[in-house]
Amino acid sequence: MKIIACGSVPTIMAPEKYFTGRVLQTPIIEKEAPARLRATLVSFEPGARTNWHTHPLGQTLYVTSGAGRAQTSGGPIQEIRAGDVISFAPGEKHWHGAGANTAMTHIAMQEALDGVHADWLEKVSDEQYGG
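**What about the overall build of the protein?**
Scanning the protein for helices and strands turns up one helix and 12 strands. Reading the protein from its N end, one meets helices and strands in the order β-β-β-β-β-β-β-β-β-β-β-β-α. Here the C-alpha atoms of the protein give a radius of gyration of 14 Å, agreeing with the 14 Å that 2.2 N^0.38 yields for 131 residues. With respect to the principal axes defined by its C-alpha atoms, the protein has extents near 45 × 30 × 25 Å. Out of the 131 residues in the protein, the part that is buried amounts to 34%. The contacts of the protein with a sequence gap of at least 6 include a subset with a gap of at least 24, amounting to 69%. Of the side chains in the protein, 11 bear a positive and 13 a negative charge, and the two mean positions are spaced by 4 Å.

What follows is the structure in structure tokens.
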């Protein structure tokens, strides 16, 4: 058994290279091989969002608080709220983030393939985000 004490893992500011707006990330777990799981608590301030990206083995989000938005390439923007579970298929191009006037926090869970959890793409423009 391994216990990771509350407060022992620092929260970091998400890199501007992959996010727009103020986003905080608190790692929950990153399992060592042969396991592949990574889970992170991600908090988005209003208007903040990820870049477009994909995950080689897919991704699951569990919204813990607030309300936000998510979209897959070519699909409509979907509203997401606390308690929702969102699943993206392997390789599915998507983005997610807070609402324009609401913060949103989710737990992001994904597995790595050959050590890669995500493939980061272009920024989501203000026009794309606005719907």
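Back to the write-up after that little detour.
**Description of the pairing of strand S11 (residues 104-111)**
Judged from the eight bridges that link them, strand S4 (residues 37-44) and S11 form a sheet pairing that is antiparallel. Among the inter-strand pairings, Val42 is bridged to a residue of S11, identified as His106. Pairing between strand S7 (residues 59-72) and S11: seven bridges, direction antiparallel. Each bridged residue has a counterpart across the sheet, and for Val63 the counterpart in S11 is His106.

**What to know about the nonpolar core**
Ranked by size, the top nonpolar core spans 15 residues in total, and within it Val23, Phe44, Ile80, Ile86 and Met104 carry the most contacts. Taken together, the elements giving at least two residues each to this core come down to S4, S7, strand S9 (85-88) and S11. With three residues, S7 is the single largest residue contributor to this core. Not counting chain neighbours up to four residues away, the residues in contact with Ile86 comprise Gln59, Thr60, Leu61, Val63 and Ile80.

Conventions adopted
- Residues numbered from 1 in each chain as written.
- Predicted model: local features only at pLDDT ≥ 70, side-chain atom pairs only at ≥ 80, totals over all residues.
- Heavy atoms only, no water.
- Helix = DSSP H or I, 4+ residues; strand = E, 2+ residues; numbered from the N terminus.
- Rg over C-alpha atoms; globule rule 2.2 N^0.38 Å.
- Buried < 20%, exposed > 50% of the residue type's maximum accessible area, 1.4 Å probe, protein only.
- Contact = heavy atoms within 4.5 Å.
- Lys, Arg positive; Asp, Glu negative; His and termini not counted.
- Charge placed at Lys NZ, Arg CZ, Asp CG, Glu CD.
- Pairing = 2+ DSSP bridges.
- Core = buried A, V, L, I, M, F, W, Y, C linked by side-chain atoms within 4.5 Å.

Nothing here speaks to function; it is all geometry.
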